[in-house]
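Secondary and tertiary structure notes
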Amino acid sequence: MKKFEVVSPFEPSGDQGQAIEKLSEGFLRGDKFQTLKGVTGSGKTFTMAKIIEKVQRPTLIISHNKTLSAQLYREFKSFFPNNAVEYFVSYYDYYQPEAYVAARDLYIEKDCDINREIDQMRLAATYSLMERRDVIVVATVSCIYGLGMPDVYKGMRVHVEVGQTLDIKKFANKLISMQYSRNDNVLERGNFRIKGDVIEVFPPYMETDEAYRILLDWEDVVRVQRFNVLDRSVTGELEETVFYPAKHFVVPQDKLIEATNRIQTELDERVEELRAAGKMLEAERLKTRTTYDIEMLREMGTCPGIENYSGPISGRARGEPPATLLHYFPDDFLCMIDEAHVSVPQIGAMYEGDRSRKQNLIDFGFRLPSAFDNRPLKKSEFDAKMNQIIYVTATPRPEEIKQSSQVVEQLIRPTGLLDPIIEIRPSEGQMEDIYKEVRERIERHERSLILTLTKKMAEDLTDYLTELKLKVKYIHSEIDTFERVEILKSLRTGEIDVLIGINLLREGIDLPEVSFIAILDADKIGFLRSETSLIQIIGRAARNAEGKVVMYADHKSPAMEAAIKETKHRREVQEAYNKEHGITPKTISKAVEDILVHEKQNADENATMQLEVLKKEANLFNPKDRHKLIKALTAEMSACADRMEYEQAAAIRDQIRDIEAQYGK
């Protein structure tokens, strides 16, 4: 078995070493929950990689959105080039769930566009987990949704080896039952072809453009080869190989027949129940829809919305949790939850949201009650399935701290930079005070951020400071999302000196020129002035050696006290370390293009990949297909904007414009 091995020119520095040692020891002695409390810029990802190397266990890393997951995936790919690093996120480029709006008697049919490349990566993740132990899977919370039963998935695999007798017809039928398609002309992912005594199979989970070739002498397997699909060159001679199903949701024919009988029984009972309640319309609707689905399952092996029958198909008892990606991991795996203060609540919220939508569909005769069993895991089920968890965050919630056997701090930045100085000043006269602070920063060629609570306040303050001859701009949700990268760039280059916003956590990342942050109404109670938000806002000034944060408030709220106490503690630890090691903090010096262009490059690459996949599925000269493609991209662009992933949104915007310019609107 291959061992996990970190390939990096760097060695642990600062307090990374002690964090790696403590958390690894905690895992190996069996601690169920631990927390890595690491400040931004302290190298948490590198620490995570070294822990994996130390404990040598299959690892699941959960992040709360696709962009952060993609970033982590790239980083871990570079850390572990000789191991299996996989990517598991939702494969929908566009997704409109099935729903019924009772108030308007409006039924909304499920509509979606599946990104085939991401689907291939999901299959690659489960394939790697079946075949080896040196596996890291970077996933979003989509990993808690139903995926198909791992025992059935594994049980349907086909083993081929040199010297065995192979009946071509039976082998072809077996591949078809595993959701492969026969295409003797073009060999694509998920297809196979047969030409005389040569069988070629292209599994959809292959990372590279490689397929398998089986050469027969009558019915005897004489050679098994791996070859490149593009240039047909042989890349390996094998003694044996294994083919896994082309899709996660696969069921043997005999089990499928049993499942349709269970669905029929449930249908009969539910129809009687609805009729007894006087719901004749709902009873007839359910009977018609479900009878059609049963016939489709018996004849075709699938039907639209087959996932709604996952409970009866798998034979699970009512209310029993579905199989998920977690069930493909061995029992001794390690789970790391990145940005746990956001990811953990998200995991807990998935179940209730899904159930409330399905309730209407079941009540009004669109789905059987067993549709409830096609669902994400509940938080308690997620915890029960976990082996051992390490929460990774700069601001752990009390829930994570209470659960953890130890909270290991990682407070030292390799640059020696300290958390900023914090001052509290009264709100009376705050405008004059802010003006004075900003003027001092301008003279030193530094920048400032000002955080307000409302859009109106941000706009009014911008007008006020502009009248005082300052170069100011504001950002909030009504600003054209595609201007945001340019606004950040203009802040860094000095075209503007002050940026005003409501929540600048996303925008504030990697702005080393910012040395002053003003937080207005710091004592107000709410999400924007919670302990977590304040700590993260304060961290935006930690890129500059002269960083200072001023909270304008009339009294000190509990959130302010906690944030100030935490920042003071971090600063004391950092100062002591710098003094002991003779380090003088120095502001990070990064070219403007280093961050903004790099982020835009990544966004462009991701958007281009998505566009190419969609282009293959759509005829752009067909107005209907083109409209569907643009609709899917627009939905993804809006989703990126809602998540404040503005660089990604801008890149998708550019792709939409390219399509419209080339093919028409």
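A brief look at the structure comes next.

The rules behind each value
- Residues numbered from 1 in each chain as written.
- Predicted model: local features only at pLDDT ≥ 70, side-chain atom pairs only at ≥ 80, totals over all residues.
- Heavy atoms only, no water.
- Helix = DSSP H or I, 4+ residues; strand = E, 2+ residues; numbered from the N terminus.
- Rg over C-alpha atoms; globule rule 2.2 N^0.38 Å.
- Contact = heavy atoms within 4.5 Å.
- Lys, Arg positive; Asp, Glu negative; His and termini not counted.
- Charge placed at Lys NZ, Arg CZ, Asp CG, Glu CD.
- Expected span 1.5 Å × (residues − 1).
- Buried < 20%, exposed > 50% of the residue type's maximum accessible area, 1.4 Å probe, protein only.
- Arc of directions from axis to C-beta.
- Pairing = 2+ DSSP bridges.
- Axes fitted to C-alpha atoms, helices over the stretch in contact; angles between N-to-C directions.
- Salt bridge = Lys/Arg side-chain N within 4 Å of Asp/Glu carboxyl O.
- Core = buried A, V, L, I, M, F, W, Y, C linked by side-chain atoms within 4.5 Å.
- Phe/Tyr/Trp six-rings, centres within 6.5 Å; stacked < 30°, edge-to-face > 60°.
- Lys NZ or Arg CZ within 6 Å of the ring centre and 35° of its normal.
- Polar contact = N/O pair within 3.5 Å; in protein donor to acceptor, adjacent residues only side chain to side chain.
- Parallel < 35°, antiparallel > 145°, perpendicular 65-115°, else oblique.
- Nonpolar A, V, L, I, M, F, W, Y, C, P; charged D, E, K, R; others polar.
- Patch = residues over 30% accessible without salt bridge, like charges linked within 9 Å, V, L, I, M, F, W, Y side chains within 5 Å.
- Areas by Shrake-Rupley, 256 points an atom, 1.4 Å probe, with all protein chains shown as cover.

1. Observations regarding the overall build of the chain
Along its length, the chain carries 20 helices and 25 strands. The C-alpha radius of gyration computed for the chain amounts to 28 Å, which stays within 12% of the reference 26 Å derived for 665 residues, consistent with globular compactness. In the chain, of all internal contacts separated by at least 6 residues, the share reaching a separation of at least 24 is 74%. Taking the average place of the 94 positive charges on the side chains of the chain and the average place of its 110 negative ones, the gap between the two points comes to 1 Å.

2. Considerations on helix H1 (residues 16-28)
Spanning 13 residues, H1 covers 18 Å between terminal C-alpha atoms, matching the ideal 18 Å at 1.5 Å per step. Of all the positions in H1, only Gln 16, Ala 19, Ile 20, Leu 23, Ser 24, Gly 26 and Phe 27 are classed as buried. When H1 is viewed along its axis, its buried side chains cluster within an angular range of 160° and face the same direction. Its buried side turned inward, H1 meets strand E1 (33-38), helix H2 (44-55), strand E17 (334-338), strand E18 (388-393) and strand E19 (407-410).

3. Concerning the sheet that holds strand E20 (residues 421-425)
One open sheet holds the six strands; their spatial order is E20-E25-E24-E21-E23-E22, and the pairing between them is parallel. Edge positions in the sheet fall to E20 and strand E22 (472-475), since each of these pairs with one other strand and no more. Each strand of the sheet is rotated relative to its neighbour by a mean of 20°, with strand direction disregarded.

4. Concerning the pattern of salt bridges
In the structure shown here, the tally under the stated rule is 49 salt bridges. Put simply, Glu 21 and Lys 54 hold a salt bridge, and the shortest N to O gap is 3.3 Å. A residue pair is termed long-range when its members are at least 10 positions apart, and Glu 21 in helix H1 and Lys 54 in helix H2 qualify at 33 residues. Between Glu 409 and Lys 37 there is a salt bridge, with the nearest N and O atoms lying 4.0 Å from each other. Of this pair, Glu 409 sits in strand E19 while Lys 37 sits in strand E1, placing them 372 residues apart in sequence.

5. Quick look at the sheet that holds strand E3 (residues 84-88)
Within the open sheet, the seven strands sit side by side as E3-E8-E2-E17-E18-E1-E19. Their pairing is parallel. The strands lining the two open edges of the sheet, one partner per strand, are E3 and E19. Shown here is a sheet whose adjacent strand axes are inclined to one another by a mean of 20°, direction ignored. Lying on the sheet, helix H3 (residues 66-79) is in contact with strand E2 (59-62), E3, strand E8 (135-139) and E17; it crosses E3 at an angle near 170°. Each of E3 and E8 touches helix H4 (residues 116-131); the most contacted strand, E3, lies at about 135° to it.

6. As for the nonpolar core
Leu 60, Phe 171, Phe 243 and Leu 325 are the most contacted members of the largest nonpolar core, which totals 66 residues. Looking at which element gives the most residues to this core, the answer is H4, with five residues. Filtering out sequence-adjacent residues up to four positions away, Leu 325 remains in contact with Leu 60, Phe 88, Thr 126, Leu 129, Val 137, Ala 139, Cys 143 and Leu 147. Grouped together as the second largest cluster of nonpolar side chains are 34 residues, Val 6, Phe 27, Ile 52 and Leu 334 included.

7. As for the packing of aromatic side chains
Using the criterion set out here, one finds 17 aromatic pairs in the structure. The interplanar angle of 80° and the centroid separation of 6.3 Å between the aromatic rings of Phe 76 and Phe 79 together place this pair among those described as edge-to-face. In this pair, Phe 76 and Phe 79 both sit in helix H3, three residues apart, roughly one turn of the helix. For Phe 76, a relative accessible area of 0% puts it in the buried group. Linked through ring pairs, Phe 4, Phe 46, Phe 76, Phe 79 and Phe 80 together constitute an aromatic cluster. Taking NZ or CZ as reference, Arg 213 lies 4.0 Å from the ring centre of Phe 227, over its face.

8. Section: the side chain of Arg 543
In this structure, Arg 543 sits in the loop between helix H16 (531-539) and strand E25 (548-552). Look at Arg 543 and you get buried, because its relative accessible area is 7%. Within polar-contact distance, the side chain of Arg 543 engages the backbone oxygen of Gly 539 at 3.0 Å.

9. Structural notes on unusual backbone geometry
The backbone phi angle of Trp 218 is positive, close to 60°, even though this residue is not glycine. Structurally, Trp 218 can be placed in the loop between strand E13 (210-217) and strand E14 (220-228). One non-glycine residue, Asp 521, lies in positive phi territory at about 50°. You can see Asp 521 is positioned in the loop between strand E24 (514-519) and H16.

10. A few points about the environment of Glu 266
Along the chain, Glu 266 turns up in helix H7 (residues 253-276). Spatially, the C-alpha atom of Glu 266 lies 8.3 Å from that of Ser 370, the residues being 104 residues apart in sequence. If we ignore the near neighbours within four places in the chain, the residues touching Glu 266 are Pro 312, Arg 318, Leu 368, Pro 369 and Ser 370.

11. What to know about the environment of Leu 28
Secondary-structure assignment places Leu 28 in helix H1. Between the C-alpha atoms of Leu 28 and Tyr 663, which are 635 residues apart in sequence, the distance is 58 Å. Not counting residues within four places of it along the chain, the set of residues in contact with Leu 28 comprises Val 55 and Arg 57.

12. Quick notes on the environment of Val 162
Positionally, Val 162 belongs in the loop between strand E9 (158-161) and helix H6 (168-177). A relative accessible area of 31% means that Val 162 is categorised as partly exposed. The sequence separation of Val 162 and Ile 214 amounts to 52 residues, and the corresponding C-alpha distance is 8.9 Å. Discounting chain neighbours no more than four positions away, the residues touching Val 162 are Val 221, Val 222, Arg 223, Val 224, Leu 238 and Glu 239.

13. Some remarks on the packing of H7 against helix H8 (residues 280-300)
Closest axis-to-axis distance for the H7/H8 pair is 9 Å, and the angle between their directions is 175°. By the angle class used here, H7 and H8 are roughly antiparallel. Along its contact with H7, which presents Gln 253, Leu 256, Ile 257, Thr 260, Asn 261, Ile 263, Gln 264, Leu 267, Arg 270, Val 271, Leu 274 and Arg 275, the element H8 presents Met 280, Glu 282, Ala 283, Glu 284, Leu 286, Lys 287, Thr 290, Thr 291, Ile 294, Leu 297 and Arg 298. For the contact of H7 with H8, the class distribution of residues is eleven nonpolar, six polar and six charged.

14. Let's talk about a negative patch on the surface
A grouping of Asp 197, Asp 217, Glu 219 and Asp 220 is seen on the molecular surface, where their side chains present a negatively charged patch. With respect to the helices, strands and loops of the structure, Asp 220 is situated in strand E14. The class for Asp 220 is partly exposed, based on a relative accessible area of 36%.

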